[in-house]
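The primary structure of each chain is shown beneath.
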Amino acid sequence: MFGRPPTAAAATTTRLVYCWGVKLIKNSHAHPIGRTQFVRLKSAVSAVASELRRPPPYYLPGLVASNEDEDIICAHKNNSNGVGNALGQLDTCKVVEILNSLREEPCHALSFFDQLKEQGFVHNVSTYMAIIRILCYWGMDMRLDSILLGVIKSNDKHLGFKVSDLFEALIEWIEAKGPKSLIRAFDALVKAYVSIGNFDEAIDTLFQTKRRGLIPNIMTCNFLLNRLIESRKNDTAVAVFRQFKRLGLSPNDYSYCIVIKALCRKGSLEEAADIFQEMEEAGLTPNAFTYTTYIEGLCSQARSDLGYEVLKAWREQNIPIDVFTYLVVIRGFVNESKLKEAECVLIDMDEHGVVPDAYCYGSLIRGYCKIGHILKALALHNEMAAKCIKTNCVIVGVILQCLFQIGMADEAVDQFNNFKELGIFLDEVTYNIVVNALCKLGKLEAAVGLLDEMKGKKMSLDVVHYTTLIGGYCLQGKLVDALKLFEEMKEKGLKPDIVTYNVLARGLSRNGLAQEALNLLDYMEGQGLKASVVTHKMIIEGLCTGGKVKEAEMFFNGLEEKCLGHCDAMVNGYCEAGNTREAHELFVKLPKQGFSLSRSSCLKLLSNLCIEGENDKALALFEAVLASDDAPCKIMYSKLIAAFCSSGDMRKAQWVFDTMVRTGITPDVINYTMMINGYCRVNCLQEACEVLKDMKARGIEPDVITYTVLIDGHSEEKMKKDRCLPNAEGNKGEQNEVATLWSEMKEIEQKPDVILYTVLIDCHCKSDNLEDAAVLFDEMIDRGLEPDNVTYTALLRGYCRRGYTDRAVTLLNDMISRGIQPDSHTMSALHHGILQAKKAKKVQLWHEGPVEDEDGGHY
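Predicted, not measured: the structure shown is a model, and the values here were computed from it.

Scoring rules and cut-offs
- Residues numbered from 1 in each chain as written.
- Predicted model: local features only at pLDDT ≥ 70, side-chain atom pairs only at ≥ 80, totals over all residues.
- Heavy atoms only, no water.
- Helix = DSSP H or I, 4+ residues; strand = E, 2+ residues; numbered from the N terminus.
- Contact = heavy atoms within 4.5 Å.
- Areas by Shrake-Rupley, 256 points an atom, 1.4 Å probe, with all protein chains shown as cover.
- Phe/Tyr/Trp six-rings, centres within 6.5 Å; stacked < 30°, edge-to-face > 60°.
- Buried < 20%, exposed > 50% of the residue type's maximum accessible area, 1.4 Å probe, protein only.
- Lys NZ or Arg CZ within 6 Å of the ring centre and 35° of its normal.
- Polar contact = N/O pair within 3.5 Å; in protein donor to acceptor, adjacent residues only side chain to side chain.
- Expected span 1.5 Å × (residues − 1).
- Arc of directions from axis to C-beta.
- Disulfide = S-S within 2.5 Å.
- Salt bridge = Lys/Arg side-chain N within 4 Å of Asp/Glu carboxyl O.
- Core = buried A, V, L, I, M, F, W, Y, C linked by side-chain atoms within 4.5 Å.
- Axes fitted to C-alpha atoms, helices over the stretch in contact; angles between N-to-C directions.
- Parallel < 35°, antiparallel > 145°, perpendicular 65-115°, else oblique.
- Left-handed = near helix turned anticlockwise from the far one by under 90°.
- Nonpolar A, V, L, I, M, F, W, Y, C, P; charged D, E, K, R; others polar.
- pLDDT = per-residue confidence, 0-100.

S.K.: I'd like a description of the overall build of the chain, backed by residues and values.
M.R.: Regarding its fold elements, the chain presents 47 helices and 0 strands. For the chain, restricting intrachain contacts to residue pairs at least 6 apart in sequence, the fraction spanning at least 24 positions comes to 61%. In the structure as shown, the chain presents an accessible area of about 43500 Å², 51% of it carried by carbon and sulfur atoms.

Shown next as structure tokens:
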């Protein structure tokens, strides 16, 4: 090429090379290069200069290029399109020669390589090999990864060669020069395949490398195994690991750790345990991360109890166990809802000198908040503060969200202010929780003020914050303000999402603006958002809640394609509006239309039917759900049992109870107590006692309410027998049963409450055992329990029945002094007692004969 006159295209590309060389020499003062490299670069540019018939630019480092050279560079910049068209004819050999001359200047070589590619030059295997050799030589791994990732992402048509050709070229070079020269390139090739999820090609490349006698880097193999696990290809990861070992590759401790993770995730816990034996045979010592990985695997398979036992066993062997290992076990127990066990781990950490961090406490706090046990969560948070463990906005957010969800919005706001005063960083999520709480409380001005405070702190308000406040305005019926905020949101460049439209549609519907809600749907679709089933549900339920049932029916009937969600919404809407009959009629019609209500809607309808005393319809609905694929939930059983027990139909209540047990749902103490109370109400004490026995047999401990129901039942039974057989001796059985139940409570340390004491006092009073009744009354006060109006009335009635009116009056005065006002029952009992006492006195005097009074009369 140097001996022939250049074509126009070749001349243009040659000028590009010349300009690039001139620029590089000119800038050598900023990026110094060695003397040898400088000479090579000048030689290369001189060759190009001769072809251009221009004088070679022999600039020494630190000198400035001539104006003519600057003009050439500027001309290249201004004529980039023309240059790009000519690059296709650039001689590959010349590019490779220049790259080789820049071996000692990898950054300049890479810059030259990239500039050619940007201008449209198509690199081939030779030019890629040249730049790969330079990058491997200088250990520029990240740039090498980037180069080969670009090769893998391009298909063969764009490359002009096959990736397999590059692979073969690398093999040939290594066979000629030795494995240390380009082995890193194979690692980069594998990583590139893995990065785009092409695992088959990555595995094949690794195995080909090994078959060619080259040993791949173990870190590359680990990278592959880890990505396989992240992609949930656990079986493949284990198989590849086994194949690596068969091919003679020596895994390191991290390799074994990765395989333990894969085996645990696929549930092969015994195989995972065997890996430790393999590590020992390989002469490797597991590190703390490996041990933690195995324990984490056990916990992920709901075997946190076993994971904790393993932790303690390893701890006894002086194996390093750090705070993260304990955290893994705590999280496992929390995920399994075993919060007491998780708390024991926290205590165990303290005892063994391991200081729990915010993540340990945060996980346990999250668990208690999940079940609504906010007092325990707050106690743990206070414990954190006492140990000087800094809290964070995530933990604070969990606590505030729990307070809000259990209906303590006021407390959520107060706690937020307390946290803020303590200087705890609170993020946008935390603020949104409190904004939501303020909206729920109707304190919209305070909510707006909080958003203004966020703006003042340069916190970014997003769609969620605006949507929350829009929902608050809608809840208060302030639709004008809601729509203004909606417009402000759009003006600030925030695009409303489907949730925003749903909230606004529900607000319009709840306030009876059916047409405006429909107009909103049209506007939403004009913005490219399609109304979802949730949108339709909110409109239907909103209209019903707002008293527009007819409009809701019209909207429902006007839907072109109905689905289960629409039917659920209509039934829920009927129930909210108190139209239970219409809801039930729709429920009956749905199977004929190919629909069946969701379990949540069935529960809502069943609850309404039970409240309205339609127990037979509720039972029919229950049986329909029972026959479907979606089995009844525990709440459904409980509501039906309560309804039948309340109506005294214990046969049906028992059938529902037995069905619950038969379907595998274990009744809780509430279910058992309802059954016991139902049997006591229909005077079936024997059956109630049988239920109690069954309860204890299942390991469910009766609570104070259970004992109260039973004691009251036996008390009532005794009173009935006393009225029928006042002189019989057989009534001591019930009295003994009451004493037995009372003793049993004390044995299991069940603390009686005010209601139970009241029942016992009333029982003793009705048995004319006033001394024991008075003792119980004093005992109750000594325990710190405050007697209520019913308690005082029970004891007062007992005194009056025996004619102890003085004691009754004293008791009444004590009652008033404690701030408890007597009601009509209390005063009626006292009045009746006084009249009975006067009557008894007159009878006594009549028997004793007439007595002369002060005026000489007789009485």
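S.K.: Kindly report on the packing of aromatic side chains, identifying the contributing residues and their values.
M.R.: Summed over all chains, the structure comprises 21 aromatic pairs. Ring geometry for Phe276 and Trp314: centres 5.4 Å apart, planes at 55 degrees, overall tilted. Pair noted here: Phe276 is in helix 16 (residues 269-281) and Trp314 is in helix 18 (residues 304-316), with a separation of 38 residues, a long-range link. The pair formed by Phe276 and Trp314 is uniform in burial state, with each residue classed as buried. Aromatic side chains Tyr294 and Trp314 sit 6.0 Å apart centroid to centroid with 50 degrees between the ring planes, which places their arrangement in the tilted category. Here Trp314 lies in helix 18 and Tyr294 lies in helix 17 (residues 288-300), a separation of 20 residues in the sequence. Trp314 matches Tyr294 in its accessibility class, with the two residues each being buried. One cation-aromatic arrangement involves Arg133 over Trp173; the distance from NZ or CZ to the ring centre is 4.3 Å. When the ring centre of Tyr308 is taken as reference, the NZ or CZ atom of Lys312 above it lies at 4.4 Å.

S.K.: Please provide a residue-by-residue account of the side chain of Thr659, values included.
M.R.: Note that Thr659 resides in helix 38 (residues 650-662). Classification of Thr659 by relative accessible area gives buried; the value is 2%. At a separation of 2.7 Å, a polar atom in the side chain of Thr659 contacts the main-chain carbonyl oxygen of Trp655. Setting aside chain neighbours within four positions, we find Thr659 in contact with Leu626 and Tyr637.

S.K.: So, helix 40 (residues 685-697): which residues are in play, and what are the values?
M.R.: Between its terminal C-alpha atoms helix 40 stretches 18 Å, which fits the 18 Å expected from 13 residues at 1.5 Å a residue. Of the residues making up helix 40, those classed as buried are Leu685, Ala688, Val691, Leu692 and Met695. With its buried residues spanning 115 degrees around the axis, helix 40 presents them on a single face. Of the exposed residues in helix 40, the ones pointing more than 90 degrees away from its buried face are Gln686, Lys693 and Ala697.

S.K.: Describe the state of the cysteines, listing the residues and the values that go with them.
M.R.: Applying the stated criterion across every chain yields a total of 0 disulfides. Cys680 provides the cysteine sulfur closest to Cys689, a residue in no disulfide bond, and the two sulfurs are 7.4 Å apart.

S.K.: Summarise unusual backbone geometry; cite the residues concerned and give the values.
M.R.: Even without being a glycine, Lys458 presents a positive backbone phi close to 60 degrees. Topologically, Lys458 is positioned in the loop between helix 26 (444-456) and helix 27 (463-475).

S.K.: Describe the pattern of salt bridges, with residues and values.
M.R.: Per the stated rule, a full pass over the model turns up 36 salt bridges. Here Asp348 makes a salt bridge to Arg315, at a shortest N to O gap of 2.9 Å. With Asp348 in helix 20 (residues 339-351) and Arg315 in helix 18, the pair connects residues that are 33 residues apart, well separated along the chain. Accessibility classification places Asp348 together with Arg315 in one group, the buried group. Here the salt bridges share partners, and the residues they tie into one network are Asp141, Asp145, Arg184 and Lys191.

S.K.: Talk me through the nonpolar core; I want residue IDs and the actual numbers.
M.R.: Within the largest apolar cluster, 253 residues are counted, with the highest numbers of intra-cluster contacts made by Ile132 and Leu224. When near neighbours in sequence (up to four residues on either side) are disregarded, Leu224 contacts Val194, Phe199, Ala202, Ile203, Leu206, Val240 and Phe244.

S.K.: Any chance you could break down the packing of helix 33 (residues 564-576) against helix 35 (residues 599-611) for me, citing the residues and the numbers?
M.R.: Relative to each other, helix 33 and helix 35 sit at 25 degrees, their axes nearing to 9 Å. By the angle between their axes, helix 33 is roughly parallel relative to helix 35. Note that helix 33 runs across helix 35; the crossing there is left-handed. Where helix 33 abuts helix 35, its residues Asp568, Val571, Asn572, Cys575 and Glu576 lie against Ser601, Lys604, Leu605 and Asn608.

S.K.: Would you mind going over the side chain of Asn252 in detail, with residue names and values included?
M.R.: Mapped onto the elements of the fold, Asn252 is located in the loop between helix 14 (234-246) and helix 15 (253-265). With a relative accessible area of 18%, Asn252 lands in the buried category. A distance of 3.2 Å separates a polar atom in the side chain of Asn252 from the backbone nitrogen of Tyr254. Apart from the residues lying within four places of it in its own chain, the contact partners of Asn252 are Ile218, Met219, Asn222 and Leu284.

S.K.: So what about the packing of helix 7 (residues 125-138) against helix 8 (residues 141-153)? Which residues, and what values?
M.R.: Viewed as axis vectors pointing N to C, helix 7 and helix 8 meet at an angle of 155 degrees, and their least axial separation amounts to 9 Å. The pairing of helix 7 with helix 8 is recorded here as roughly antiparallel in orientation. Crossing handedness for the pair helix 7 and helix 8: left-handed. Residue-level contacts link Tyr128, Ile132, Leu135 and Cys136 of helix 7 to Arg143, Leu144, Ile147, Leu148 and Val151 of helix 8. Of the residues assigned to the contact of helix 7 with helix 8, the class counts are 8 nonpolar, no polar and 1 charged.

S.K.: Account for helix 34 (residues 580-589), naming residues and giving values.
M.R.: Looking at helix 34, one finds that the buried residues are Thr580, Ala583, His584, Leu586 and Phe587. In an axial view of helix 34, the angular spread of the buried residues amounts to 160 degrees, which keeps them on one side of the axis. Those residues of helix 34 hidden inside the fold are in contact with helix 33, helix 35 and helix 36 (615-627).

S.K.: Provide a residue-level description of the environment of Lys530, including the pertinent values.
M.R.: Relative to the elements of secondary structure, Lys530 occurs in the loop between helix 30 (514-526) and helix 31 (533-545). The contacts of Lys530, once residues within four sequence positions are left out, are Ile498, Met524 and Glu525.

S.K.: So what's going on with the environment of Arg698? Residues and values would help.
M.R.: With respect to the helices and strands, Arg698 occurs in the loop between helix 40 and helix 41 (704-724). The contacts of Arg698, once residues within four sequence positions are left out, are Val661 and Tyr672.

S.K.: Tell me what's going on with the confidence of the model for the chain, and back it up with residues and numbers.
M.R.: Mean pLDDT over the chain stands at 82; residues scoring 70 or higher make up 84%. Note on residues 1-13: pLDDT under 50 across the span, and 22 contacts to partners over four residues away in sequence or across chains. The model gives residues 51-89 a pLDDT under 50, and that stretch makes 68 contacts with residues more than four places away or in other chains.

S.K.: Explain the environment of Leu206 to me, and be specific about the residues and the numbers.
M.R.: Among the structural elements, Leu206 can be located in helix 12 (residues 199-211). Taking the C-alpha atoms as reference points, Leu206 and Asp187, separated by 19 residues in sequence, lie 8.3 Å from one another. Leaving out residues up to four positions away in the same chain, Leu206 has contacts with Val190, Pro216, Cys221, Leu224 and Phe244.

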